[in-house]
Amino acid sequence: MRLTTKGRYAVTAMLDLALHGSDGPVSLADISGRQDISLSYLEQLFAKLRRNDLVTSVRGPGGGYRLSRDMAEIFVAQIVDAVNEAVDATGCGGTSNCQQGEVCLTHHLWCDLSEQIHGFLSQISLANLVERREVQHISARQDARAEQGETLVLSQA
């Protein structure tokens with residue numbers, strides 16, 4: 001199965017936004033710092049997420065991004081689809097030219113698997129992920145690390 005960095009990063013960034021968005025807009029710089037994702041890459045991803053009405057931007061001081069609707073209404077498959085990422089288990093990328101330009105024996109099996117994976121991701125909302133104990137634990141660790149980094153920077157100033 002191929003789910004590239006683009007899809008993984010988009011889901012990670014949206015989950016970070018869901019975890020931290022209750023206090024107001026979240027800056028891409030904050031997401032970048034916590035998740036170790038390039039700021040310029042996040043800007044590209046969030047442009048696509050905004051075009052697909054998954055996030056809204058807030059301009060000005062204290063600005064950033066918010067989820068465009070309740071986290072229970074945003075599903076992982078929507079995020080993956082928004083960044084033009086395909087969940088594809090076929091060896092041919094879904095082009096049906098697997099074996100010397102023709103469909104191979106197992107093409108339809110891998111197509112069915114791809115559909116099952118997409119269906120599975122369509123059932124998992126950001127709220128489902130936020131509720132998971134291990135996600136909360138990892139988020140708390142990341143927040144503590146980010147706070148330590150800010151404290152270190154301030155003490156050096």
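The structure we're discussing is the one just above.
Worth saying up front: this structure is predicted, and the values here are computed from it rather than measured.

Asker: Provide a residue-level description of the environment of L54, including the pertinent values.
Answerer: Inspection of the secondary structure puts L54 in the loop between helix 3 (39-51) and strand 1 (55-58). On the basis of relative accessibility, which here comes to 2%, the residue L54 falls in the buried class. Contact partners of L54, with chain neighbours within four places excluded, come to M14, L49, R66, L67, S68, R69, I74, Q78, I79 and A82.

Asker: Provide a residue-level description of helix 5 (residues 107-121), including the pertinent values.
Answerer: For helix 5, which comprises 15 residues, the first-to-last C-alpha distance of 21 Å matches the rise-based estimate of 21 Å (1.5 Å per residue) to within 8%. Contacts made by the buried residues of helix 5 are with helix 4 (76-82).

Asker: Any chance you could break down helix 3 for me, citing the residues and the numbers?
Answerer: Compared with an ideal rise of 1.5 Å per residue, which puts 13 residues at 18 Å, helix 3 spans 18 Å between its outermost C-alpha atoms and is within 8% of the ideal. Residues L42, L45, F46, A47 and L49 constitute the buried set of helix 3. Buried residues belonging to helix 3 abut helix 1 (5-20), helix 2 (28-35), strand 1, strand 2 (64-67) and helix 4. Downstream of helix 3 by one or two residues, D53 has phi in the positive range, about 60°.

Asker: Any details on the nonpolar core? Residues and values, ideally.
Answerer: The biggest cluster of nonpolar side chains holds 35 residues, and the ones touching the most others in it are M14, L17, I31, F46, L49, I79 and L126. For this core, the leading source of residues is helix 1, giving seven residues. Each residue touching L49, except ones within four places of it in the same chain, is listed here: M14, L54, V55, I79, A82 and V83.

Asker: An account of the pairing of strand 2 is requested, with residue identities and associated values reported.
Answerer: The pairing of strand 1 with strand 2 spans four bridges and is classified as antiparallel. Residue pairing in the sheet places V55 in a bridge with L67 of strand 2. The antiparallel pairing of strand 1 with strand 2 creates a hairpin that spans five residues between the two strands, and G60 there sits at a positive phi of about 95°.

Asker: So, the packing of aromatic side chains: which residues are in play, and what are the values?
Answerer: Using the criterion set out here, one finds two aromatic pairs in the structure. Note on Y9 and Y41: the rings are 5.7 Å apart at their centroids and 85° apart in plane angle, and the pair reads as edge-to-face. You can see Y9 sitting in helix 1 and its partner Y41 sitting in helix 3, a full 32 residues away along the chain. Arranged with centres 4.9 Å apart and planes meeting at 55°, the rings of F46 and Y65 form a pair that is tilted. On the criterion of sequence distance, the pair formed by F46 in helix 3 and Y65 in strand 2 is long-range, its members being 19 residues apart.

Calculation criteria
Residues numbered from 1 in each chain as written. Predicted model: local features only at pLDDT ≥ 70, side-chain atom pairs only at ≥ 80, totals over all residues. Heavy atoms only, no water. Helix = DSSP H or I, 4+ residues; strand = E, 2+ residues; numbered from the N terminus. Buried < 20%, exposed > 50% of the residue type's maximum accessible area, 1.4 Å probe, protein only. Contact = heavy atoms within 4.5 Å. Expected span 1.5 Å × (residues − 1). Core = buried A, V, L, I, M, F, W, Y, C linked by side-chain atoms within 4.5 Å. Pairing = 2+ DSSP bridges. Phe/Tyr/Trp six-rings, centres within 6.5 Å; stacked < 30°, edge-to-face > 60°.

These figures come from the coordinates and say nothing about function on their own.
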